[in-house]
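If you want the building blocks of each chain, they are given just below.
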Amino acid sequence: MLISTWGYALDLLFSVLLAALPPKEQKKKFFGGGCATPAGRRNIMTHLPVTPPPPLRGADIGSFAHDTVVRRMPATVRRVLHENSLSPEATQAVLALAEEIPHAPIRAPHDHSAPDLALWEAYCAPYLGQNWLEVPWFFAETAMYRRILEATGYFKPGSGFYVDPYALQKRLALEEFSFASLPGDLAAALAASLWGNQADLSLWPAGENATPGATHILADDTPQVVAYLTELIRHDARVDLILDNVGSELVHDLLLADHLLRHGLHLVMHAKPHPTFVSDALVVDVQNTVGWLSQHQHAQVAAVGNHLLAALADGRIELRDDWYWTSPLPGWEMPAALRADLSQSGLLISKGDANYRRWFGDCHWPTHTPLQHVLSYVPAPLLLLRTCKSEIVLGIEPEHSHAVAQQDAEWMTSGRWGVIQLWAG
Ligand SMILES: O=P(O)(O)OC[C@H]1O[C@](O)(CO)[C@@H](O)[C@@H]1O
């Protein structure tokens, strides 16, 4: 057990300092200022409280990770060729990357004008000499998406400079989207945001019409979430939305954001700093989607878009894109500055499968592992809205997971099963 004595000492110091504050300041610290839940202050650890099991790897024969590294990843790289007009140099580089996966050794990116180059040199250092199957799967995927940008010249002045290689997919995803109805309350907005996560252009590209239809809930903390949010609303707290995919998912996330804003909450949205996992939202994608909503032919939808535009302009919504969100690092290796910032939040809402994998380090946790067994290091209460698209899920009783596996052999990867899991400390 790696329980941090320092963590407890700091906690104690914090309690003493908090008690010395006037009541108004205490309330601010409690609900806008981290380490807090309406139920009381949480006992935050700064480190993972247990030794994690080994990470998922492509080398796990028969696993979804194996299929992804061997088949899906090279196909994703090749799709970039078909959906972009690349220079001859970039075409060669993309083809070479596709050939590298899975058997060539990992190397660090070498695009010297990239602002995250030093970060990636450090991320890659422990894995040099290992191939794409041997390294942790989460590392392999994040590294591949970063290497695609090196190949297309994303960070290099020239024809690929800051050109999103997935722009076509992202545009199609929004064009294909049509509204069924607007969510009427918070619970409906949460559900819509969850199922929006079924859309994933890395698994089901736009135009191929193959997204999973059925929706089954595996774990549903909606009543607790609504009660918790109601408390936050009473305290004008900050809520952080850690975004995932563009298209249907982002539209539903923005509808959820609209609900939260109308209740007086302040929102911070975390987008990716560069294109990754095909459909992950950048700041510019959020701005474009809000613009699209504001131009919508249905007056009610346009009103939502205009409300969001106003909130972006007056600071009730802040957009951020820390480099951490495209890193291969697990949640417990989050840089201190970001961690300190997130600790100011009343609730972190984490969208999607890849973010879920990150919080749990993408490790082989037994499915029945309680969330609190791992998540006590997270700097604020955490809501996980995620459809299952990889072989990791926690907080599910063995009888339940066995019954679900009987019903749907692909329950962990099909996107048909979702969780609304709250860890409030
Ligand atoms: O967009 P999401 O929900 O994060 O899903 C991405 C996930 O889907 C996958 O493409 C499945 O391999 C993973 O790579 C990743 O975990």
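For the structure, see preceding data.
Residues numbered from 1 in each chain as written. Predicted model: local features only at pLDDT ≥ 70, side-chain atom pairs only at ≥ 80, totals over all residues. Heavy atoms only, no water.

Student: Residues and numbers for empty space enclosed by the protein, please.
Tutor: Considering all chains together, one arrives at 2 cavities of 30 Å³ or more under this definition. One number sums up the size of the second largest cavity: a volume of about 70 Å³. Every residue along the wall of the second largest cavity is listed here: F138, T142, K272, T276, F277, D280, W325, T326, A354, N355 and R358. Of all elements in the fold, only α6 (137–152) and α14 (353–359) reach the threshold of two or more residues within the lining of the second largest cavity. Take the lining of the second largest cavity: its biggest share by element is 3 residues, from α14. Looking at the lining of the second largest cavity, its residues break down into 4 nonpolar, 4 polar and 3 charged. (1 Å grid on protein atoms, 1.4 Å probe; cavity = no way out; pocket = protein on both sides within 12 Å on 5 of 7 lines; lining within 4 Å. Points joined across faces, edges and corners; volume = space filled by probe spheres on them. Helix = DSSP H or I, 4+ residues; strand = E, 2+ residues; numbered from the N terminus. Nonpolar A, V, L, I, M, F, W, Y, C, P; charged D, E, K, R; others polar.)

Student: Account for the pairing of strand β5 (residues 266–270), with residues named and values stated.
Tutor: Among the 5 residues that make up β5, 4 are buried, leaving the element largely enclosed by the rest of the structure. Strand direction decides the pairing type here: β5 and strand β6 (residues 317–320), joined by 4 bridges, are parallel. Counterpart to H270 in the pairing with β6 is R320. (Buried < 20%, exposed > 50% of the residue type's maximum accessible area, 1.4 Å probe, protein only. Pairing = 2+ DSSP bridges.)

Student: Summarise the nonpolar core; cite the residues concerned and give the values.
Tutor: Counting residues in each nonpolar core, the largest one holds 70 residues, and the members touching the most others are W132, L218, W359, F360, W365 and L375. In terms of residue count, α6 provides more of this core than any other element does, 9 residues in total. Each of domain 1 (65–163) and domain 2 (168–423) contributes no fewer than three residues to this core. Not counting the four nearest positions on each side in its chain, W132 is found in contact with V69, M73, L97, E100, I101, P102, A104, I106, A140, A143, M144 and R147. Residues L255, A257, L267 and I349 belong to the second largest nonpolar core, which totals 45 residues. (Core = buried A, V, L, I, M, F, W, Y, C linked by side-chain atoms within 4.5 Å. Domains from an automatic or database assignment. Contact = heavy atoms within 4.5 Å.)

Student: So what's going on with the packing of aromatic side chains? Residues and values would help.
Tutor: Taken as a whole and assessed by the stated rule, the structure comprises 17 aromatic pairs. With 4.8 Å between their ring centres and 55° between their planes, Y154 and Y162 make a pair best called tilted. Taking the relative accessible area as the measure of exposure, Y162 reaches 45% and is therefore partly exposed. An aromatic cluster is built from Y154, F155, F161, Y162 and W323, whose rings are joined through pairwise contacts. Between the NZ or CZ atom of R358 and the centre of the ring of Y324, over which it lies, the distance is 4.9 Å. Here R386 stacks its cationic end above the ring of Y356, 4.1 Å away from the centre of that ring. (Phe/Tyr/Trp six-rings, centres within 6.5 Å; stacked < 30°, edge-to-face > 60°. Lys NZ or Arg CZ within 6 Å of the ring centre and 35° of its normal.)

Student: Outline the packing of helix α4 (residues 88–100) against α6, listing residues and values.
Tutor: With their axes 8 Å apart at the nearest point, α4 and α6 run at an angle of 155° to one another. Viewed along their axes, α4 and α6 adopt a mutual orientation that is roughly antiparallel. On α6, the residues touching A90, A93, V94, L97 and E100 of α4 are M144, R147, I148, A151 and T152. Its residues placed into classes, the contact of α4 with α6 shows 7 nonpolar, 1 polar and 2 charged. (Axes fitted to C-alpha atoms, helices over the stretch in contact; angles between N-to-C directions. Parallel < 35°, antiparallel > 145°, perpendicular 65-115°, else oblique.)

Student: Kindly report on the site of the ligand, identifying the contributing residues and their values.
Tutor: The environment of the ligand is formed by 17 residues, the closest being R72, E141, D353, R357 and K389. The contact in question runs from an oxygen atom of the ligand to an N or O atom on the side chain of R72, over 2.5 Å. Protein contacts shield 99% of the accessible area of the ligand, which totals 390 Å² for the unbound molecule. Of all elements in the fold, only α3 (64–82), α6 and α14 reach the threshold of two or more residues within the shell around the ligand. Residue composition of the shell around the ligand, by class: 5 nonpolar, 5 polar and 7 charged. Two domains each donate at least three residues to the shell around the ligand, and these are domain 1 (65–163) and domain 2 (168–423). (Near = heavy atom within 4 Å. Polar contact = N/O pair within 3.5 Å; in protein donor to acceptor, adjacent residues only side chain to side chain. Areas by Shrake-Rupley, 256 points an atom, 1.4 Å probe, with all protein chains shown as cover.)

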